[in-house]
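Fold and geometry: a report
Here's the letter readout for the chains.
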Amino acid sequence: MLRRLGWYARRLAVMERGEIRHRIREQTERRAARRQNGGWATFALPGARPKPLPLFASLLTGGLPAPVAAQLAVAAEAFRSGKLRLLNRDWPETVLDESGRIAPQVWTLDPVSGTNWPGAEVSAFDIDFRFEGGNRDIKYVAEANRLHFLAAPAIHARRTQDASLAGAILGSVLSWMEANPPGRGVNWYSGIEAGYRLVSLSCIATALDPWIDSASGEKLASFVAAHGTWLARFPSLFSSANNHLVAEAMGLAVAARLLPAHSQAADWLAQGRAHLEDRTLALFHQDGVGQEQSPAYAAFTLEMLLAGFGAIGADAPSPAVRERLGKAATALNAFLDDGGYVPLIGDDDQSRVLMAYGSEEPRYAASIAAAIAGFLQRPELAPAMRDPHWRDIVFAAPPPGPAPTDGTTTFPQGGYTIRRGEIAGRRVHFTFDHGPLGFGALAAHGHADALSVWLSLDGHPVLVDAGTYLYHSEGENRRRFRVTPVHNTLTIGGASQSEPSGPFNWMPRRARARLDKGADTVPLNVSASHDGYQKRFGVIHHRDILETATSFEITDRLTGTPPAGAIEIAFLLAPELDVTGDAGRVTASRNGRPEITLVAPEGTSVEVIHADEASGRGFHSPGFGVLQAAATVLFRGPAKAMNWRSSILLNPVT
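Residues numbered from 1 in each chain as written. Predicted model: local features only at pLDDT ≥ 70, side-chain atom pairs only at ≥ 80, totals over all residues. Heavy atoms only, no water.

Another point: the sheet that holds strand E9 (residues 513-517). Strand order in the open sheet formed by 8 strands is E9-E10-E11-E12-E21-E16-E15-E14, with antiparallel pairing between adjacent strands. Only two strands of the sheet have a single neighbouring strand rather than two, namely E9 and strand E14 (578-582). Pairwise comparison of adjacent strand axes, ignoring direction, gives a mean angle of 20 degrees for this sheet. Bridging between strand E11 (residues 539-547) and strand E12 (residues 551-560) involves 9 bridges; their strand directions are antiparallel. The residue of E12 that forms the bridge with Ile-545 is Ile-554. (Pairing = 2+ DSSP bridges. Helix = DSSP H or I, 4+ residues; strand = E, 2+ residues; numbered from the N terminus. Axes fitted to C-alpha atoms, helices over the stretch in contact; angles between N-to-C directions.)

Turning next to the pairing of strand E7 (residues 460-463). Relative to E7, strand E6 (residues 453-457) runs antiparallel, the two being bridged by 3 bridges. Each residue of the ladder has a partner; that of Leu-457, found in E7, is His-460. If you look at the hairpin formed by E6 and E7, you'll find 2 residues sitting between the two strands, and Asp-458 has a positive phi there, around 55 degrees.

Once that is clear, we can look at the packing of aromatic side chains. Within the structure shown, the criterion is met by 21 aromatic pairs. With a centroid separation of 5.8 Å and an interplanar angle of 70 degrees, the aromatic rings of Tyr-533 and Phe-537 are classed as edge-to-face. Plain terms: the ring middles of Phe-571 and Phe-635 are 6.0 Å apart, the flat faces sit at 65 degrees to each other, and that makes the pair edge-to-face. Residue Phe-571 is located in strand E13 (residues 566-573), and its partner Phe-635 is located in strand E20 (residues 631-638); the two are separated by 64 residues in the primary sequence. You'll find Phe-571 and Phe-635 in the same group, each marked buried. Through pairs of rings, three or more aromatic residues link up here, namely Trp-40, Phe-125, Trp-176, Trp-188, Phe-223, Trp-230 and Phe-234. Just above the ring of Trp-117 sits the side chain of Arg-136; from NZ or CZ to the centre is 4.2 Å. Over the ring of Trp-188 we find Arg-197; its NZ or CZ atom is 5.4 Å from the centre of that ring. (Phe/Tyr/Trp six-rings, centres within 6.5 Å; stacked < 30°, edge-to-face > 60°. Buried < 20%, exposed > 50% of the residue type's maximum accessible area, 1.4 Å probe, protein only. Lys NZ or Arg CZ within 6 Å of the ring centre and 35° of its normal.)

And the structure:
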């Protein structure tokens, strides 16, 4: 109870008056919804059926690139065999019933504990998943109930004219409806999930239209009507108006196109379009960097925007929004290293709108940049390297573009400086963070990583981020993966620059970072600072980075009153690297070849930490729910020294 009250108090502390009024109205609507249990009949539309969306028409006829065709076939075979793998986890045994469809009980199943979340017997608003006492994470059940794992098999069924497969997929959607009547159970708790389901349903219904009879058509129409009504009734506004509102707007636009004759279709379309336009400009800085301060979240927000605008049609979006989308693609491309990967900055829960079997897709950001290039008909935005995906066909992604230009790029609003080029014979991609914590009052998906650095050599990660791991079910580990000590920057006395106050919130005290010197210089010569330690320790942290012919020289400075205690400067190395150390130097090697040597500042001790449960250091999470041991190199010295110079020496290829 105290934990719950604390959470509500922290949320209330960041709310403005308008939001407080909105929340009161929202609670009134929720109380009314608790009493409403009329089921799907409430949304019955006799004679209606979802209209096929032109957005997916290009997938259904004509030839496909061989890798894409194989991708669809693999997804179909996985479904046929009853395999469900989402968020890097396999669901227990087969998920199909005797008729070959997804069994109704699967829709509430938690694959970690093997238990079921509350279903149709309770209102969605009576399930407080934030304070779940066990080891269940709501992300897993939510992922399955987005239904996106059924979309690729549905496309394959249409292309191969497989009536049996089509029937099993349609049966699975109807199974979902049996288990999840409107407003009941865990799968109606969030509008973001409803928005995703509508996109999945639109692809499924478009692909399987030849097999949808009048009875099934009416049921699917009620599915769309219930979801559209729910999204319009419970919008995520004010401090919640981040990617959740984008998903809801996407869903509303799709619902309007699926049921154009519905009495609320015009309102859904207007509301969806307005929020899609508004959120594009609100969630992406003028320089194109996503305000969530996470390349992964930027990519999946962009995919939602593309799906929403694509459903609306050729007259969307506006010129200003098209320009911002182009800048967002440019920013994503800047974050891509020579292997086509982005550093795992901030949260990454591996969310996808259009999904192939599984959920790994390591070059997801590159795929989204290519999709924007196709959607905007700007082939120059296509990245040089990406993995084939069926979304390429949906958004007419152009072929890969030329290799990116070497140099230094600074994003002044987003707060990153990225150096790409060749140093000591190595292809270098170096990222320096001097940006804000995150978006809005909650900064929900940002991490306390101001002045952190990330490094990739020859398309392989070397200095990495700790990652995300899990959201709700890991308590203290959720905090550990967000705070400063696990990031590649300086801490004082183990304190975080900004302090979390819940899984998706931060205390009012937040670090403010700024770029002090340098921008697009080659060689790199940049300085930045943050005030996260000013109130507690009386100092400002400055970090200066100077590129030489063979290294990056990093100077950490504190200005103000010399603090007591110790400073720690951390560098997290990619898990596959071998680490050796001697006399103030630590060398990281890959397959026997030295990659970098970290040189400790004078007067500091050196410690290499592997998988330390107490501190959370020495871990890397490359995907949701995945945890790997890694090496954290830690330089420790007296805080009163106020000035420390360390080096990242790049070992040349021999």
